[in-house]
Amino acid sequence: MNESGEGITIPPALVEVPASTSSLPREFREVPGEYVPVFIAVPRERAGKYGKEGIKIGNNARESRQPVLERIFNEEAGNIGVSVRRTRCIFAYPRNPESIHNRLGFDPKTDILVEAMINPETAMVTNAEYYTEAASRLDMGEDASREWARTYWQEVRSMRQYLAEGHDGSEDDHNDFTFPEVLIPEDIPVTRLRIAKVQPET
């Protein structure tokens, strides 16, 4: 139980903390009853900002990096009836990426691993492999990418459903997504963040 008497028990974080991350919390200050932990790779240079302001949807820069591809994904989400948009989300891992066989998007040399408590009803889990496939086919035309974008959204599930399926991230879990990613459609305040692990500065 947390300090308020609600929710799940959260074990202490494993932390190796250099001075540049001093503004990030070491422990959660708020754990709503039904919320669950996820992991976010934070660039070291943004640690101070996130430690003061939390992680906001406005920090999402994916639309500027891949404007055509993100437009396709947003359009296909609307076509299928999914209300979430990739360009209006925070991205996370459902498990610590150091404990699973795939670490897509996490570089322990430059990133700080932050643990966040999120609402499993509003967060969704998708397969990032489909996004990669769509990106690789964009030079063949939008239709080729749209097929993968459509599959991406057709297979999406809520975080609660994903957790209920019991995925453990192992190579033997053949029913899991190849590269599961969590889409969080709301800001995460500092009170629901803590450092999970950082690499010592060199």
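See the structure above.
Residues numbered from 1 in each chain as written. Predicted model: local features only at pLDDT ≥ 70, side-chain atom pairs only at ≥ 80, totals over all residues. Heavy atoms only, no water.

**With respect to the packing of aromatic side chains**
Each aromatic ring pair is specified by the distance between its two centres and by the angle formed by the two planes. This structure, assessed with the given rule, holds five aromatic pairs. With a centroid separation of 5.0 Å and an interplanar angle of 85°, the aromatic rings of phenylalanine 73 and tyrosine 152 are classed as edge-to-face. Here the residue phenylalanine 73 occupies a position in helix α3 (residues 67–80), and tyrosine 152 occupies one in helix α5 (residues 142–154), the gap between them amounting to 79 residues. With respect to class, phenylalanine 73 is no different from tyrosine 152; both count as buried. Relative to phenylalanine 177, the ring of tyrosine 162 has its centre 6.4 Å away and its plane inclined at 15°; by these criteria the two rings are stacked. Here phenylalanine 177 lies in the loop between α6 (159–164) and β6 (180–184) and tyrosine 162 lies in helix α6, a separation of 15 residues in the sequence. The same class applies to tyrosine 162 and to phenylalanine 177, which are both buried. Members of the aromatic cluster, connected to one another through ring pairs, are Phe73, Tyr131, Tyr152 and Trp153. (Phe/Tyr/Trp six-rings, centres within 6.5 Å; stacked < 30°, edge-to-face > 60°. Helix = DSSP H or I, 4+ residues; strand = E, 2+ residues; numbered from the N terminus. Buried < 20%, exposed > 50% of the residue type's maximum accessible area, 1.4 Å probe, protein only.)

**As for the sheet that holds strand β5 (residues 157–158)**
Two modes of strand pairing occur in sheets, parallel and antiparallel, and in both the strands are linked by backbone hydrogen bonds. Across the sheet, which stays open at both edges, the four strands sit in the order β2-β6-β4-β5 with antiparallel pairing between neighbours. The open sheet is flanked by β2 (90–92) and β5, the only strands paired with a single partner. Looking at chain direction, β2 and β6 are connected through three bridges and run antiparallel. Considered in β6, the bridge of phenylalanine 91 is made with leucine 183. (Pairing = 2+ DSSP bridges.)

**Some words on the nonpolar core**
With 25 residues, the main nonpolar core has Val38, Ile40, Ile118, Val182, Ile184 and Ile188 as its most contacted residues. Counting residues per element, the ones that place at least two in this core are β1 (36–43), α1 (47–53), β2, β3 (111–118), α6, β6 and β7 (193–197). Those residues in contact with isoleucine 40, other than ones at most four positions away along the chain, are Ile55, Ile90, Phe91, Ala92, Ile112, Leu113, Val114, Ala116 and Ile188. (Core = buried A, V, L, I, M, F, W, Y, C linked by side-chain atoms within 4.5 Å. Contact = heavy atoms within 4.5 Å.)

**So, α3**
In this model, α3 (14 residues) spans 20 Å end to end at C-alpha, consistent with the 20 Å of a helix rising 1.5 Å per residue. Of the positions making up α3, those classed as buried are Leu69, Glu70, Ile72, Phe73, Asn74, Glu76 and Ala77. Positive backbone phi, at 95°, marks glycine 81, one or two positions downstream of α3. (Expected span 1.5 Å × (residues − 1).)

**Details of the pattern of salt bridges**
Throughout the structure, instances matching the rule amount to 17 salt bridges. Of the charged contacts in the structure, one is a salt bridge between glutamate 70 and arginine 86, with a shortest N-O distance of 3.0 Å. Pair noted here: glutamate 70 is in helix α3 and arginine 86 is in the loop between α3 and β2, with a separation of 16 residues, a long-range link. No difference in accessibility class separates glutamate 70 from arginine 86, as the two residues are buried. Within this structure, Arg71, Glu75, Glu76, Glu142, Arg146 and Arg150 form a network of salt bridges that share partners. (Salt bridge = Lys/Arg side-chain N within 4 Å of Asp/Glu carboxyl O.)

**Remarks on the side chain of serine 145**
Here serine 145 shows up in helix α5. Looking at serine 145, the relative accessible area reads 0%, which means it is buried. Ignoring anything within four residues of it in the chain, the contact list for serine 145 reads Leu69, Ile72, Ala134, Arg137 and Leu138.

**Things to note about the packing of α3 against helix α4 (residues 128–136)**
At a minimum axis separation of 10 Å, α3 and α4 run at an interaxial angle of 125°. Considering the angle they form, α3 stands oblique to α4. For the pair α3 and α4, the sense of crossing is right-handed. Between α3 and α4, the contacting residues are Leu69, Glu70 and Phe73 on the first element and Tyr130, Tyr131, Ala134 and Ala135 on the second. Taken together, the residues that form the contact of α3 with α4 break down as six nonpolar, no polar and one charged. (Axes fitted to C-alpha atoms, helices over the stretch in contact; angles between N-to-C directions. Parallel < 35°, antiparallel > 145°, perpendicular 65-115°, else oblique. Left-handed = near helix turned anticlockwise from the far one by under 90°. Nonpolar A, V, L, I, M, F, W, Y, C, P; charged D, E, K, R; others polar.)

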